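Inside the fold
What follows is each chain in one-letter form.
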Amino acid sequence: LQAATLAAVATRQAAAAAAKRAVELEATHRDVDDTMEKTAAQAKKEDGNAAFKRRQFGHAVRCYSDAIALEPHRAEYHSNRSVAHARLKEYADALKDAETAIKLDPYFAKGYIRKATALAGMGHNRAAVFALVTGFDSFPSADEWSRRDKQMLYDQLQQHVESLALALRKKEFLNDHFVTQPL
């Protein structure tokens, strides 16, 4: 009887160890799948970056779209596709991607810059400035983002304010959809 009890305990322990190992292997398999997916998305993003540098903006858009299909929750991929659309003068698509990047990561400074670029391309200079100011205002404290991001937003804001001032001097602001709002 004692031998049978010991055998049953040993069998249960072996079964528990095997079940634990199966769970560990399944988790490892999932991690490998996630890593492979992320690696594939990262590779697509890098292909897009290379195409962008070669000024092949249409190809860059397709590469970034492939990366987004693999990892749709990465603000960086939407931001990159936004700037590629802007280079193709596809400002509505650029704006949509910029807004998606901002929704995914409200602390991603480039999202606001991409939105401002798209709006300026559409002739909405005041809205472009407003997008950058919104970027500044969205951060609850200076500790939430880097000095580099702050400087990047500030530089873009200054550039767009200068463009707005020039547009106002040329009376081009009448095409701006914020014309009914006070400066």
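Keep in mind it's a predicted model, so treat the numbers as computed, not measured.

Take helix α4 (residues 91-104) next. Across its 14 residues, α4 extends 20 Å between first and last C-alpha, which sits within 8% of the 20 Å expected from 1.5 Å per residue. Those residues of α4 that sit buried are Ala94, Leu95, Asp97, Ala98, Ala101 and Ile102. Looking straight down α4, one finds that the buried residues subtend no more than 165 degrees of arc, so they occupy a single side. Across α4 from its buried face, at more than 90 degrees, point the exposed residues Ala92, Lys96 and Lys103. In this structure, the buried side of α4 is in contact with α3 (75-87) and α5 (109-121).

One non-glycine residue, Arg55, lies in positive phi territory at about 65 degrees. Assignment of secondary structure puts Arg55 in the loop between α1 (2-53) and α2 (57-70).

What follows is about the packing of aromatic side chains. For the coordinates displayed, the defined rule picks out one aromatic pair. Where Phe52 meets Phe57, the ring centres are 5.0 Å apart and the plane angle is 65 degrees; that geometry is what we call edge-to-face. We classify Phe57 as buried; its relative accessible area is 8%.

All right, on to the environment of Ala43 then. Relative to the helices and strands, Ala43 is located in helix α1. Each C-alpha atom, one on Ala43 and one on Cys63, is 9.0 Å from the other, the two residues being 20 residues apart in sequence.

Moving on to the environment of Tyr64. Structurally, the position occupied by Tyr64 is in helix α2. Sequence separation between Tyr64 and Asp47 is 17 residues, and the spatial gap between their C-alpha atoms is 8.2 Å. Aside from chain neighbours lying at most four places away, what touches Tyr64 is Lys45, Gly48, Asn49, Phe52, Tyr77, Asn80, Arg81 and Ala84. A polar atom in the side chain of Tyr64 sits 3.3 Å from the backbone oxygen of Gly48.

Moving on to α2. In a regular helix each residue adds 1.5 Å, so 14 residues correspond to 20 Å; α2 covers 20 Å between its end C-alpha atoms and thus fits that length. Of the residues making up α2, those classed as buried are Phe57, Ala60, Val61, Cys63, Tyr64, Ala67 and Ile68. Angular distribution of buried residues about the axis of α2 spans 165 degrees; they occupy a single face of the element. In α2, those exposed residues whose orientation departs by more than 90 degrees from the buried face are Arg62 and Ala69.

Conventions adopted
- Residues numbered from 1 in each chain as written.
- Predicted model: local features only at pLDDT ≥ 70, side-chain atom pairs only at ≥ 80, totals over all residues.
- Heavy atoms only, no water.
- Helix = DSSP H or I, 4+ residues; strand = E, 2+ residues; numbered from the N terminus.
- Expected span 1.5 Å × (residues − 1).
- Buried < 20%, exposed > 50% of the residue type's maximum accessible area, 1.4 Å probe, protein only.
- Arc of directions from axis to C-beta.
- Contact = heavy atoms within 4.5 Å.
- Phe/Tyr/Trp six-rings, centres within 6.5 Å; stacked < 30°, edge-to-face > 60°.
- Polar contact = N/O pair within 3.5 Å; in protein donor to acceptor, adjacent residues only side chain to side chain.

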